[in-house]
Amino acid sequence: KALEAKQYATARRELVRGGRGYANDITATLLTAWAWAGSGNLKRALETVDRLKGESSYNVFRDYHAGLIAAMRGNPKEAERRLGASYNAERTTLRVVDAYGRLEAAQGRKDNAIAAYEAFEKLMPRHPVVRAALKDLKAGKDMKPLVVTPQQGAAEVLYGLGAAGNSQGDEVAAMIYLRLALFLNPDHDLAKITLGDILERLKQYEQAIEVYKSLPSDSPLKAHGEVQIALSLDALDKTDEAVAYLQAD
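What this report covers is the structure whose coordinates are included nearby. The structure displayed is predicted, hence computed values, not measured ones. (Residues numbered from 1 in each chain as written. Predicted model: local features only at pLDDT ≥ 70, side-chain atom pairs only at ≥ 80, totals over all residues. Heavy atoms only, no water.)

## Quick word on the nonpolar core
Here is step 1 of the chain: Grouped together as the largest cluster of nonpolar side chains are 78 residues, with contacts concentrated most on Leu3, Trp34, Ile69 and Tyr117.
Here is step 2 of the chain: Ranked by residues supplied to this core, first place goes to helix α4 (residues 56-72) with nine residues.
Here is step 3 of the chain: Apart from residues no more than four positions distant in its own chain, isoleucine 69 is found in contact with Ala33, Trp34, Ala37, Leu42, Ala45, Leu46 and Val49. (Core = buried A, V, L, I, M, F, W, Y, C linked by side-chain atoms within 4.5 Å. Buried < 20%, exposed > 50% of the residue type's maximum accessible area, 1.4 Å probe, protein only. Helix = DSSP H or I, 4+ residues; strand = E, 2+ residues; numbered from the N terminus. Contact = heavy atoms within 4.5 Å.)

Spelled out as structure tokens, the structure:
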């Protein structure tokens, strides 16, 4: 709540009170870094991020968020160094590729951006986010940074942890992280898709439908959400309604 209200000093005080352990440490550390970024203190923000050391997963998360913070606070050289390190270490993670590609495009290195997206496309073909990015780049359109506010940055922390929990089968924790991410950034479409997927697996189809319907019409993920709505309706024994929904769409 403090982060959402731009009460960054309050947020930092609350985060210090968190418990210990992997999840708490990485959550509190990265959210504190974004709170420093919100206060305009890039140096303290990066110092805070750099507390995460050791495991390779820590390193990727560390450099990814350091790069996003540096880009948001107007230090493209540091952003390039950090996001480049994150990208070189983990080229199969969509958010890392997307953040790196957007930064490269913004810095006038469109060919590098296209190459990054196309490399991902070869590994995981036809992802709608990647296809939309390539279409915009090749059409000469400007691409927004992945994160432009501290709230979006903090939401990115929570989304990443929620997605990790989802892949590890920890649905309850994942849903909490994803709901918090959407509290800070209601426009985080990948958080919506991930949350909807978990709700479907838990057979909470009505809630899944509600989440999928919140995707905006211009989202690259909208078509996926529409299909999942129909599948959820079918799972509720509303097959005729599911067919009519797809036909209407």
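There's plenty left to go through after this.
## Concerning the side chain of threonine 32
Here is step 1 of the chain: One can find threonine 32 in helix α2 (residues 22-38).
Here is step 2 of the chain: The class for threonine 32 is buried, based on a relative accessible area of 10%.
Here is step 3 of the chain: Here the side chain of threonine 32 touches alanine 28 through a polar contact of 2.6 Å, landing on its backbone oxygen. (Polar contact = N/O pair within 3.5 Å; in protein donor to acceptor, adjacent residues only side chain to side chain.)

## Observations regarding the packing of helix α11 (residues 189-201) against helix α12 (residues 205-213)
Here is step 1 of the chain: At a minimum axis distance of 8 Å, the contact between α11 and α12 shows a crossing angle of 165 degrees. By the angle between their directions, the pair α11 and α12 is classed as roughly antiparallel. With respect to the hand of their crossing, α11 and α12 are arranged in left-handed fashion. Residues Lys192, Ile193, Leu195, Gly196, Asp197, Leu199 and Glu200 of α11 form the contact with α12, whose participating residues are Tyr205, Gln207, Ala208, Val211 and Tyr212. (Axes fitted to C-alpha atoms, helices over the stretch in contact; angles between N-to-C directions. Parallel < 35°, antiparallel > 145°, perpendicular 65-115°, else oblique. Left-handed = near helix turned anticlockwise from the far one by under 90°.)

## Describing α12
Here is step 1 of the chain: What α12 keeps buried is the set Tyr205, Ala208, Ile209, Val211 and Tyr212. Buried residues along α12 cover an arc of 165 degrees about the axis, so they all sit on one side. The outward face of α12, more than 90 degrees from its buried face, is lined by the exposed residues Glu206 and Glu210. (Arc of directions from axis to C-beta.)

So yeah, pure geometry; function would need other evidence.
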